[in-house]
Amino acid sequence: MTYKFQTPAIFLIGPTASGKTETSLRLAEEFPLEIISVDSAMVFKEMNIGTCKPSLQNLESVPHHLIDILLPDAEFDVGIFIRYVDSAIQKIIQNKKIPLFVGGTMMFHKVLFDGIHDFPRDDSLREENPAFVEGIELTKRELLNTFSNHEINEVKPQIGER
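Rules of the game
Residues numbered from 1 in each chain as written. Predicted model: local features only at pLDDT ≥ 70, side-chain atom pairs only at ≥ 80, totals over all residues. Heavy atoms only, no water. Helix = DSSP H or I, 4+ residues; strand = E, 2+ residues; numbered from the N terminus. Buried < 20%, exposed > 50% of the residue type's maximum accessible area, 1.4 Å probe, protein only. Contact = heavy atoms within 4.5 Å. Areas by Shrake-Rupley, 256 points an atom, 1.4 Å probe, with all protein chains shown as cover. Pairing = 2+ DSSP bridges. Axes fitted to C-alpha atoms, helices over the stretch in contact; angles between N-to-C directions. Salt bridge = Lys/Arg side-chain N within 4 Å of Asp/Glu carboxyl O. Right-handed = clockwise from strand over helix to strand, strands pointing away. Patch = residues over 30% accessible without salt bridge, like charges linked within 9 Å, V, L, I, M, F, W, Y side chains within 5 Å. Arc of directions from axis to C-beta. Polar contact = N/O pair within 3.5 Å; in protein donor to acceptor, adjacent residues only side chain to side chain.

Undergrad: Go over the overall build of the chain, please, and point to the residues and values.
TA: Across its full length, the chain carries seven helices and six strands. The order of helices and strands in the chain, counted from the N terminus, is β-β-α-β-α-β-α-β-α-β-α-α-α. Relative to its 162 residues, the chain shows a buried fraction of 30%. For the chain, contacts bridging at least 24 residues in sequence account for 72% of all contacts bridging at least 6. Surface summary for the chain: the accessible area is close to 10,900 Å², and the carbon and sulfur share equals 56%.

So this is what it looks like as structure tokens:
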């Protein structure tokens, strides 16, 4: 199954401190919008330095999603991002508003634009098919050994012959 973002939305993309927050707040004053953060750092609580998170006043003036939702030691990847986005979109649609995606994490924007295959997580794959995983691990070890021996032969041929 492939995940492909299908809901009509607005995207505001740019680097940190480029004025996205101010622009998004002005847009939300004029149009029925709720903001979904597309920032891989803003999802983490207590990570305020270098992220340019919106102020508490801004967060209260317009509904924001995916900001301060995880502890800093939590796992976060594009698959987890998509699950949170799906949940946020459902809430926004229920509120009869339009998602405004704001942020600069381009990998997340790319997934929203182009879609991504819904591959199983590594943990579930390991549980469902241990023989396949053993084969992958063996192949990986063989490749690493080959690469290491090849690299050694190039740098110090006399060592590789031993």
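Undergrad: Run through the sheet that holds strand S4 (residues 64-65), naming residues and quoting values.
TA: Strand order across the open sheet formed by four strands is S2-S5-S3-S4, with parallel pairing between neighbours. Each edge of the sheet is formed by a strand with only one pairing partner; in this case those strands are strand S2 (10-13) and S4. As paired strands, strand S3 (residues 33-37) and S4 are joined by two bridges and run parallel to one another. For Ile36, the partnering residue across the bridge sits in S4 and is His65. Contacts from helix H3 (residues 78-94) reach S3, S4 and strand S5 (98-103), with the element oriented near 170° to S3. Relative to S2, helix H4 (residues 106-114) is tilted by about 160°, and along the sheet it contacts S2 and S5.

Undergrad: Lay out the pattern of salt bridges with the relevant residues and their values.
TA: Per the counting criterion, the structure on display carries three salt bridges. Measuring nitrogen to oxygen at the nearest pair gives 2.6 Å for the salt bridge that ties Arg26 to Glu22. Here Arg26 and its partner Glu22 are both found in helix H1 (residues 20-30), four residues apart, which amounts to about one turn of the helix.

Undergrad: So what's going on with the pairing of S3? Residues and values would help.
TA: The element S3 is extensively covered by neighbouring structure, given that five of its five residues are classed as buried. Alternating residues of S3 divide into Leu33, Ile35 and Ser37 and Glu34 and Ile36, and every residue in both groups is buried. Note that S3 and S5 share five bridges and pair parallel. What sits directly across from Leu33, in S5, is Ile98. Between S3 and its parallel partner S4, the chain crosses via helix H2 (residues 56-61), and the hand of that crossover is right-handed.

Undergrad: Can you explain a nonpolar patch on the surface? Please cite residues and give values.
TA: On the surface, Ile13, Met106 and Phe113 cluster together to form a nonpolar patch covering roughly 270 Å² of accessible area. With respect to the helices and strands, the residue Phe113 is situated in helix H4.

Undergrad: So, H1: which residues are in play, and what are the values?
TA: Looking only at H1, the buried set comprises Lys20, Ser24, Leu25 and Ala28. All buried residues of H1 fall inside an arc of 130° around its axis, so they share one side. Exposed and facing more than 90 degrees away from the buried side of H1 are Glu29 and Glu30.

Undergrad: How would you sum up the side chain of Lys53? Please name residues and give values.
TA: The topology assignment puts Lys53 in the loop between S3 and H2. Owing to a relative accessible area of 15%, Lys53 belongs among the buried residues under this scheme. There is a polar contact of 3.1 Å between the side chain of Lys53 and the side chain of Asn48. In contact with Lys53, other than residues within four places in its own chain, are Ala41, Met42, Phe44, Lys45, Glu46, Met47, Asn48, Ile67 and Asp68.

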